[in-house]
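# Fold and geometry: a report
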Amino acid sequence: MRRLAVISGSIVLAATACASSGGNKNAGQVTAAPVGAGDIIVGALPEPAVPKGECGMVLWTLESDQPTPIFRFVAGKGADIVLNGKLTPLSATDSDGVSGFGVYEETRYVAGDVAATVKVRFGLGFEGGSYLERGLLTIETASGWKSVIPAAGIAGCRVR
């Protein structure tokens, strides 16, 4: 539990840095699931912030000891992830669990032959949002490969 608190603290700093600098343009890549002869590479989002006037969530994972934004969901509009160097829009298909700010504890997303499942737990709240703890981003391909990436993040609404 203590380790999670440290990760959540890092997430707050990353969220602040990304929001003020326009995003981490030099962020690394995270290898997710092997597919055939190659890999699906999950990359850093170029614009990880939830747009002004919208609600949603952003998830980060630690890569080379640096928080890397890898998933963004905007309530009512869908999600974004970078797969193999391409920004890939995802559509939500099923949601379950507690919800807040348009975000559910478990949601399944799809894009072509790739599915992503996000599982999070709402943590401490702050003005306009909540920390997301114990997150898992699962990437599945049509060929049956599956990979699970640990993540933490924030859910909330940005003021106009």
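Here, the structure is the one placed above.
Residues numbered from 1 in each chain as written. Predicted model: local features only at pLDDT ≥ 70, side-chain atom pairs only at ≥ 80, totals over all residues. Heavy atoms only, no water.

### Comments concerning the environment of G43
Applied cut-off: A helix here means a DSSP run of H or I that spans at least four residues, while a strand means a run of E at least two residues long, and both kinds are numbered starting from the N terminus.
Secondary-structure assignment places G43 in strand β2 (residues 38-43). Along the backbone, G43 and P69 are 26 residues apart, and their C-alpha atoms lie at a distance of 8.3 Å.

### A few points about the nonpolar core
As a reminder of what qualifies: Take the buried Ala, Val, Leu, Ile, Met, Phe, Trp, Tyr and Cys residues and link them wherever side-chain atoms come within 4.5 Å; each set so joined is a nonpolar core. Type-normalised accessible area, obtained with a 1.4 Å probe on protein chains alone, sets the label of each residue: buried when under 20%, exposed when over 50%, and partly exposed for intermediate values. The contact criterion used throughout is that any non-hydrogen atoms of two residues lie within 4.5 Å.
Ranked by internal contacts, the top residues of the largest apolar core, which has 25 residues, are M57, F71, Y109 and L137. If you list the elements that add at least two residues to this core, you get β2, β3 (55-63), β4 (66-74), β5 (78-83), β7 (103-111), β8 (114-126), β9 (129-141) and β10 (146-157). It is β8 that contributes the most residues to this core, five residues altogether. What Y109 contacts, discounting residues up to four positions off in sequence, is M57, F71, F73, A79, L90, S91, A92, T93, V114, A115, A116 and V118. Counting five residues, the second-largest nonpolar core is a separate cluster that includes V50, W60, Y131 and I154.

### Here we look at the pattern of salt bridges
As a reminder, the rule being used: Salt bridge, as used here: a side-chain nitrogen of Lys or Arg that lies within 4 Å of a carboxyl oxygen of Asp or Glu.
Taken as a whole and assessed by the stated rule, the structure comprises three salt bridges. One salt bridge in this structure joins D80 and R72, with 2.8 Å as the shortest N-O distance. The partner of E140 in a salt bridge is R108, and the shortest N-O contact between them spans 3.3 Å. With E140 in strand β9 and R108 in strand β7, the pair connects residues that are 32 residues apart, well separated along the chain.

### Digging into the environment of G97
Mapped onto the fold, G97 is located in strand β6 (residues 86-100). Since its relative accessible area comes to 42%, G97 is described here as partly exposed. Considered as a pair, G97 and K119 are 22 residues apart in the sequence and their alpha carbons are 9.5 Å apart. Beyond its immediate sequence surroundings of up to four residues, G97 is in contact with Y104 and E105.

Purely spatial values, then, with no claim about function.
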